[in-house]
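# Examining the three-dimensional arrangement
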Number of protein chains: 2
Amino acid sequence: MISKNQFKYIRLLEQKKYRRREGLFVAEGTKTVDDLMQRTQPRMVFATEEYLQVRPHLFKTEGEIVKVTDDELRRLSFQQHPQQVLALFPIPDVKASKTPSGLSLALDGVQDPGNLGTIIRIADWFGIDTIYCSEETVDAWNPKVVQATMGSIARVNIIYTDLPVFLDSLPHDFPVYGTFLDGENIYTQPLSREGLIIMGNEGNGISDDVRRRVSHRLLIPDFHQGGTADSLNVAIATAITCSEFRRRL
Amino acid sequence: MISKNQFKYIRLLEQKKYRRREGLFVAEGTKTVDDLMQRTQPRMVFATEEYLQVRPHLFKTEGEIVKVTDDELRRLSFQQHPQQVLALFPIPDVKASKTPSGLSLALDGVQDPGNLGTIIRIADWFGIDTIYCSEETVDAWNPKVVQATMGSIARVNIIYTDLPVFLDSLPHDFPVYGTFLDGENIYTQPLSREGLIIMGNEGNGISDDVRRRVSHRLLIPDFHQGGTADSLNVAIATAITCSEFRRRL
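Under an unreviewed UniProt entry, the name given to chain A is RNA methyltransferase, TrmH family, and the organism recorded is Prevotella aff. ruminicola Tc2-24. Under the Sequence similarities (unreviewed entry) heading, UniProt states for chain A: "Belongs to the class IV-like SAM-binding methyltransferase superfamily. RNA methyltransferase TrmH family."

### What to know about the sheet that holds strand β7 (residues 157-161) of chain A
Whether parallel or antiparallel, the strands of a sheet pair through hydrogen bonds between backbone atoms. All names here are of chain A. Across the sheet, which stays open at both edges, the 6 strands sit in the order β7-β6-β5-β9-β8-β10 with parallel pairing between neighbours. At either margin of the open sheet sits one strand with a lone partner, and together these are β7 and β10 (216-219). Taking the axes of each pair of neighbouring strands and ignoring which way they run, one obtains an average angle of 35 degrees across the sheet. Lying on the sheet, helix α10 (residues 234-247) is in contact with β5 (103-108), β8 (176-185), β9 (195-200) and β10; it crosses β9 at an angle near 160 degrees.

### Quick look at the UniProt feature "domain: RNA 2-O ribose methyltransferase substrate binding" (unreviewed entry) in chain A
This chain's UniProt record puts "domain: RNA 2-O ribose methyltransferase substrate binding" (unreviewed entry) on residues 26-95 of chain A. The span residues 26-95 of chain A shows a helical share of 29% and a strand share of 24%, and its end C-alpha atoms are spaced 22 Å apart.

### Things to note about the nonpolar core
Within the largest apolar cluster, 111 residues are counted, with the highest numbers of intra-cluster contacts made by Ile131 of chain A together with Ile131 of chain B. Excluding residues within four positions of it along the chain, Ile131 of chain A makes contact with Leu105, Leu107, Ile119, Ile120, Ala123, Val156, Asn157, Ile158 and Ile159 of chain A.

### Things to note about the interface of chain A and chain B
The interface of chain A with chain B comprises 31 residues on the first partner and 31 residues on the second. Surface buried jointly by chain A and chain B totals about 3,000 Å² across both partners, of which 60% is contributed by carbon and sulfur atoms. Across the pair Arg247 of chain B and Glu244 of chain A runs a salt bridge whose closest N-O atoms are separated by 3.7 Å. Counting across the interface, chain A meets chain B through 8 residue pairs in polar contact (both at pLDDT 80 or more). Here the side of chain A that touches chain B takes 8 residues from α10 of chain A, the largest share from any one element. A breakdown of the residues in the side of chain A that touches chain B according to their chemical character gives 13 nonpolar, 9 polar and 9 charged.

Rules used in this analysis
- Residues numbered from 1 in each chain as written.
- Chains lettered and ligands numbered in written order.
- Predicted model: local features only at pLDDT ≥ 70, side-chain atom pairs only at ≥ 80, totals over all residues.
- Heavy atoms only, no water.
- UniProt positions renumbered as here; feature names shortened; annotations may be inferred.
- Pairing = 2+ DSSP bridges.
- Helix = DSSP H or I, 4+ residues; strand = E, 2+ residues; numbered from the N terminus.
- Axes fitted to C-alpha atoms, helices over the stretch in contact; angles between N-to-C directions.
- Contact = heavy atoms within 4.5 Å.
- Core = buried A, V, L, I, M, F, W, Y, C linked by side-chain atoms within 4.5 Å.
- Buried < 20%, exposed > 50% of the residue type's maximum accessible area, 1.4 Å probe, protein only.
- Buried area = accessible area lost by both parts, 1.4 Å probe.
- Salt bridge = Lys/Arg side-chain N within 4 Å of Asp/Glu carboxyl O.
- Polar contact = N/O pair within 3.5 Å; in protein donor to acceptor, adjacent residues only side chain to side chain.
- Nonpolar A, V, L, I, M, F, W, Y, C, P; charged D, E, K, R; others polar.

In structure tokens, the structure reads:
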């Protein structure tokens, strides 16, 4: 049974300011919740009997376990088709390291929750363990983002930071890549094993303040014959860019 | 002013069976409608004064032009934030050619409208002019798909067909590619300039009937260290695959 207060509390976590105040975020669905539990203890779990039955170990967690009916879960959920479980997890407190090791992503104002979620999933696939987000980037612990990561949010470190300040703090020879319409063909450019790949906002691309700090300007060439100029979705551009860096390992 | 009948008619076009019966689909927003008008004449256009003012040539089209208020457009629209115009276009009647030239895509049961829209946009970017869709694939003239293509639906031929039958009709040495968990590393395999790239359903991948007809089994390798098996969204996998084929041109 869910109490009225629990219900209210979870609805408040849809808002960033309450997530920050409480240090908690909402994760839903068997895959996402199971993946997160491999890394961190949930604070509260609202689950159907179907979910709890096959996870007896769950009762050893320190968090509170509340058994709910399908109907209660539906009212609690932020999704159209809730799947067995909704849980509250602590927002990880990861600090930016002075020099990122290997390859990392940096997002300069990505706005769409689906895009951010997909980018986190891409990072996970390509073994990129850290994503630096500008303060203007949509919050990664927004329920829609968490959902779109399909569990990958459990495996990728997300750090919100003042991006220009962070870029200035890097060693001056640390490679910083970005994609631009007037960059060099990504398919033929040398790409390093370590560095930062910056992806910009959906409408405006990379901001001026960040652009000035990019050391390697790349272009993803299009192959369509003549006609109207086109664009790639930022998550698609991220996938193509990460694929190019990784295939050369 | 929109009449009650026009309103009803447009709502019906949300359903595939009415789209097929009428041979029409709904396109919305300045970019998508403008892109489509470069290729085909609209049957009906519902547009705000703001839209019509800067497009005097529009009044030369054979279709009916209806000036609407922002409020009328909002009621008419399938989108959350309608943008100046909604128009009805004829569904193009494109037949499958015996032997596709160059590179084409084939979709075996892609279900999500957003994924199909994004795949059409990717095809446009990579100069792939035809997509063959199995009958189980979500309808490309669904308003949500049209929206997600961001105008690319105007430039890519979409053909619904019985996929196994179509594959059997191809010359026996025509290269048919598919991605599988046990395929060969796409980054190091030779890839031809012409061929068909098959992408499967979101949950189940490529169906058995289609799988048997694949001549080249590819794998997109993941790079994440140990742990849980992961997956790529079908649109992301399409982007990486098309990028690999095209970069070698």
